[in-house]
Amino acid sequence: MKKIVIVSLCFTLFCVPVQAQLGSLLQKAAKKTTEKVTEKLTDQAAEAASKALEEKLNQNQPQKPTDNRRPTATTAEPLTYARLMSQMPELPTVQQLVNHKEYELNGQTLRLLTSPVTKFSTQVTSLSMKVWSVPMEGVDSAQVVGNAYSLAQKYTGLTQEQLDHLSTLSEEEQEAYLAAHYQQGQAESALMEQAAEAGEYLEPLQPLIDKWEAAGQKADQYLSEADAQCKEIYKKYGPQKASANEKELIGLTLKYYREIVPIQRAAVEKAMKVRLEEQLPIAEEIEKEMVAIRVAHPNMISSLLRYPQLTATSFFSDITRLTEVPEF
């Protein structure tokens, strides 16, 4: 259990501070090459990565037999980003989405639990969490823990003793400890060096990265156009909602949602198609080159820069828009 805590902490160290502190550093040193990293490495991603690692560690723990039957060998297909994305269930219909939102707003718990949209969302969440397990395929848990310790020590300035100490603290105490550590600037110089190095070793891949970003922008454009249409529709309901009581507010929200759902669903469907059929193949080309780069430059940035992973993360993130009610 202690190792699980440490590994989770290491990924929190890697992802959350990178998000908060590397934004400007990476953009200055590596420019477009690392922009997508700082955009996509969210707190949710860090949590998903931690859970994926914990699952990996648990799988390697000896299990007590539950019965006398001898285990049978299984040959599961390897986990890949393409396979996860292709396993996406069919999008709910417009009417199913509207019904689900009505159940949600009216507090109809039983209907909400049995809604096809709830089942769909559960499946999507499961697939999206597995995205962070792909790099762990075939990796020994002891190696994972060792690498996590090594990287954490090298790029945060924390010793193994300090990491062990952190595992005994509460979340609030950990936050305070890390805040004090980062205020001392011990990790900043190492991060600057990594950012500059990343700009150099990724330069030969820039044409491919540009193509990947262009495909991503194409998908984003569909979503931006949908936002613009939703914004116009919201103008009808915004002023009314400002002075509405609770019951009226639910009614207005449902009317607004009914109008925007077809727009949102169509945009998500188009964006998904672009990410799967156009952006992912480019990401996989980049990843082939990144394998050699990680061997030559085994640092935090090269470990986190996984373009297929970023593509899959965007793919599943886009889907969450289906149940959102954007306000402007």
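In the block above lies the structure referred to throughout.
Let us look at the structure shown here. (Residues numbered from 1 in each chain as written. Predicted model: local features only at pLDDT ≥ 70, side-chain atom pairs only at ≥ 80, totals over all residues. Heavy atoms only, no water.)

We now examine the packing of aromatic side chains. In total, this model carries 5 aromatic pairs according to the counting rule given. Look at F315 and F316: their rings are 5.0 Å apart centre to centre, the planes differ by 90°, and that puts the pair in the edge-to-face class. When sorted by exposure, F315 lands in the same class as F316, which is buried. Taken together, Y234, Y237, Y256 and F328 form an aromatic cluster joined through their ring pairs. (Phe/Tyr/Trp six-rings, centres within 6.5 Å; stacked < 30°, edge-to-face > 60°. Buried < 20%, exposed > 50% of the residue type's maximum accessible area, 1.4 Å probe, protein only.)

Attention now goes to the side chain of R275. Here R275 lies in helix α13 (residues 246-296). The exposure class assigned to R275 is buried, which follows from its relative accessible area of 2%. Side chain to side chain, R275 and D220 meet in a polar contact 2.7 Å long. Within the structure, R275 has its side chain in polar contact with the side chain of D318 (distance 2.6 Å). In contact with R275, other than residues within four places in its own chain, are M85, G216, A219, D220, L223, L280, T311, S314, F315 and D318. (Helix = DSSP H or I, 4+ residues; strand = E, 2+ residues; numbered from the N terminus. Polar contact = N/O pair within 3.5 Å; in protein donor to acceptor, adjacent residues only side chain to side chain. Contact = heavy atoms within 4.5 Å.)

All right, on to a negative patch on the surface then. Together, E171, E172, E173 and E175 line one region of the surface with negative charge. By secondary structure assignment, the location of E173 is in helix α10 (residues 171-183). (Patch = residues over 30% accessible without salt bridge, like charges linked within 9 Å, V, L, I, M, F, W, Y side chains within 5 Å. Areas by Shrake-Rupley, 256 points an atom, 1.4 Å probe, with all protein chains shown as cover. Salt bridge = Lys/Arg side-chain N within 4 Å of Asp/Glu carboxyl O. Lys, Arg positive; Asp, Glu negative; His and termini not counted. Charge placed at Lys NZ, Arg CZ, Asp CG, Glu CD.)

This part is about helix α15 (residues 307-319). End to end, α15 covers 19 Å across 13 residues, agreeing with the expected 18 Å (1.5 Å per residue, within 8%). For α15, the tally of buried residues reaches 12 of 13 residues, placing the bulk of the element in the interior. When α15 is considered as a whole, its buried residues turn out to be Y307, P308, Q309, L310, T311, A312, T313, S314, F315, F316, D318 and I319. (Expected span 1.5 Å × (residues − 1).)

When the terminal C-alpha atoms of helix α5 (residues 94-105) are compared, their 17 Å separation across 12 residues agrees well with the 16 Å that a helix rising 1.5 Å per residue should span. Those residues of α5 lying buried are L97, V98, H100, K101 and Y103. At its buried positions, α5 is contacted by α6 (109-113), α7 (116-130) and α13. Looking at the residues trailing α5, positive phi occurs at G107, about 65°.

Interaxial distance between α5 and α13 falls to 10 Å at its minimum, and their mutual angle equals 150°. On the basis of the axis angle, α5 is roughly antiparallel to α13. Read as a crossing pair, α5 and α13 show a hand that is right-handed. Here V94, L97, V98, K101, E102 and L105 of α5 lie close against α13, whose contacting residues are I250, T253, L254, Y257, R258, V261, P262 and R265. Residue composition of the contact of α5 with α13, by class: 9 nonpolar, 1 polar and 4 charged. (Axes fitted to C-alpha atoms, helices over the stretch in contact; angles between N-to-C directions. Parallel < 35°, antiparallel > 145°, perpendicular 65-115°, else oblique. Left-handed = near helix turned anticlockwise from the far one by under 90°. Nonpolar A, V, L, I, M, F, W, Y, C, P; charged D, E, K, R; others polar.)

Turning our eyes to something else, we now look at the pattern of salt bridges. Enumeration over the complete set of coordinates arrives at 12 salt bridges. We note a salt bridge from K101 to E104, for which the minimum N-O separation is 3.3 Å. Of this pair, K101 and E104 are both found in helix α5, 3 residues apart, which corresponds to roughly one turn of the helix. Relative accessible area serves as the criterion here: at 4%, K101 is assigned to the buried category. Between D220 and R275 there is a salt bridge whose closest N-O contact spans 2.7 Å. One end of the pair, D220, is in helix α12 (residues 206-242); the other, R275, is in helix α13, with 55 residues separating them in the sequence. When its relative accessible area of 29% is taken as the criterion, D220 is described as partly exposed.

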